[in-house]
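Chain and residue survey
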Amino acid sequence: MKVRAYLLDVARFQQEPMAEGHEFCRLCERLSQERQQKIGRFRYAKGKALSLGAGLLLDFGLSQYGLRERDAAIEYGADGKPYLRDFPELHFNLSHSGSLAMAVFADREAGCDIEQAAVPDMRVAYRFFSADEVKMLEGLEKEKQAEVFFRFWTLKESFLKVTGKGTRMPLNEFCIHLGTPVKVEYGGKFLDYGFAEYAYPGYRAALCVEKPEGRAFKGAKPELLSWEQIR
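The structure presented is a predicted model; accordingly, all values stated were derived computationally and were not measured.

Rules behind the numbers
- Residues numbered from 1 in each chain as written.
- Predicted model: local features only at pLDDT ≥ 70, side-chain atom pairs only at ≥ 80, totals over all residues.
- Heavy atoms only, no water.
- Helix = DSSP H or I, 4+ residues; strand = E, 2+ residues; numbered from the N terminus.
- Rg over C-alpha atoms; globule rule 2.2 N^0.38 Å.
- Buried < 20%, exposed > 50% of the residue type's maximum accessible area, 1.4 Å probe, protein only.
- Contact = heavy atoms within 4.5 Å.
- Areas by Shrake-Rupley, 256 points an atom, 1.4 Å probe, with all protein chains shown as cover.
- Lys, Arg positive; Asp, Glu negative; His and termini not counted.
- Charge placed at Lys NZ, Arg CZ, Asp CG, Glu CD.
- Axes fitted to C-alpha atoms, helices over the stretch in contact; angles between N-to-C directions.
- Parallel < 35°, antiparallel > 145°, perpendicular 65-115°, else oblique.
- Left-handed = near helix turned anticlockwise from the far one by under 90°.
- Nonpolar A, V, L, I, M, F, W, Y, C, P; charged D, E, K, R; others polar.
- 1 Å grid on protein atoms, 1.4 Å probe; cavity = no way out; pocket = protein on both sides within 12 Å on 5 of 7 lines; lining within 4 Å.
- Points joined across faces, edges and corners; volume = space filled by probe spheres on them.
- Pairing = 2+ DSSP bridges.

What follows is about the overall build of the protein chain. Counting its secondary structure elements, the protein chain contains 7 helices and 12 strands. In terms of overall size, the protein chain behaves like a compact globule, its C-alpha atoms giving a radius of gyration of 18 Å where 231 residues would be expected to give roughly 17 Å. Taking the principal axes of its C-alpha atoms as reference, the protein chain extends roughly 50 × 35 × 30 Å. Across the 231 residues in the protein chain, those meeting the buried criterion constitute 49%. Once local pairs closer than 6 in sequence are excluded, the contacts in the protein chain between residues at least 24 apart make up 58%. As displayed, the protein chain offers around 11900 Å² of accessible surface, 50% of which is attributable to carbon and sulfur atoms. The average position of the 34 basic charges and that of the 33 acidic charges among the side chains of the protein chain differ by 1 Å.

Where helix α2 (residues 33-40) contacts helix α3 (residues 45-63), the axes come no closer than 8 Å and their chain directions differ by 160°. With respect to α3, the axis of α2 lies roughly antiparallel. Note on packing geometry: the crossing formed by α2 with α3 is right-handed. Taking contact as the criterion, the partners of R35, K38, I39 and G40 in α2 are, on α3, K48, S51, L52, A54 and G55. For the contact of α2 with α3, a count of residues per class yields 3 nonpolar, 3 polar and 3 charged.

A few words now on the layout of surface pockets. Any empty space left between atoms is shown by rolling a water-sized probe over those atoms. A volume near 540 Å³ is recorded for the largest pocket. Along the walls of the largest pocket sit 26 residues, with G80, P82, N93, L94 and K161 positioned nearest its centre. Looking at the lining of the largest pocket element by element, the count peaks at 5 residues for strand β4 (residues 91-97). For the lining of the largest pocket, the per-class residue count stands at 9 nonpolar, 8 polar and 9 charged. Taken as a whole, the second largest pocket encloses approximately 250 Å³ of empty space. Around the second largest pocket sit 18 residues that line it, and K81, P82, Y83, H91 and E109 are the ones nearest its centre.

Here 3 strands make up an open sheet; going across it, the order is β7-β8-β9 and the pairing antiparallel. Because the sheet does not close on itself, it has two edges, and the strands there are β7 (174-177) and β9 (189-190). Judged from the 4 bridges that link them, β7 and strand β8 (residues 183-186) form a sheet pairing that is antiparallel. Each bridged residue has a counterpart across the sheet, and for C175 the counterpart in β8 is E185.

Next up, the structure:
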């Protein structure tokens, strides 16, 4: 099983003047017209920078396989999950939050999610988490509750992104079990997916892969790329 993951901090471009500067535009021009249009649809610098970061990570990751984002034929499944039309054996997924963009590349279906941690809103948990997940959260002290809330959130999102089912699989219809290893239960059965989790100052992140070959998935610790590497 081959899994690669990357992070990029785009804070440098999240101020309005930088989002319209020469370097920002130069980096945008390296990417496909589709990605440039996606960047342009964001109104504010924060969103533009995150979309740029996701595109640059996709470009960097594909370059490790002899491909480039601007040349890759990216199409979308029925639920909007992107895939490489001409390279079905290579899977990727993107996420971003705060000032960090994240990407994962694998030889099987894979998903990633990164979230900037904050004070958890338990109303979200009551609406979107399973009964067992909510019960665990309610039994925790506030500090621990925040940590576990974002663990659940990133693990659940990474799983949904692997399946490609999006909103067709409600978040409260499957349950994440925070054991070793982490497992996902749906319809009374444990499914064949592997998870890895990561903690960064102010952030939580998770990876999920399909069918991790019958052993615990230890993940691939995301590499924080420098702008020198991106260039």
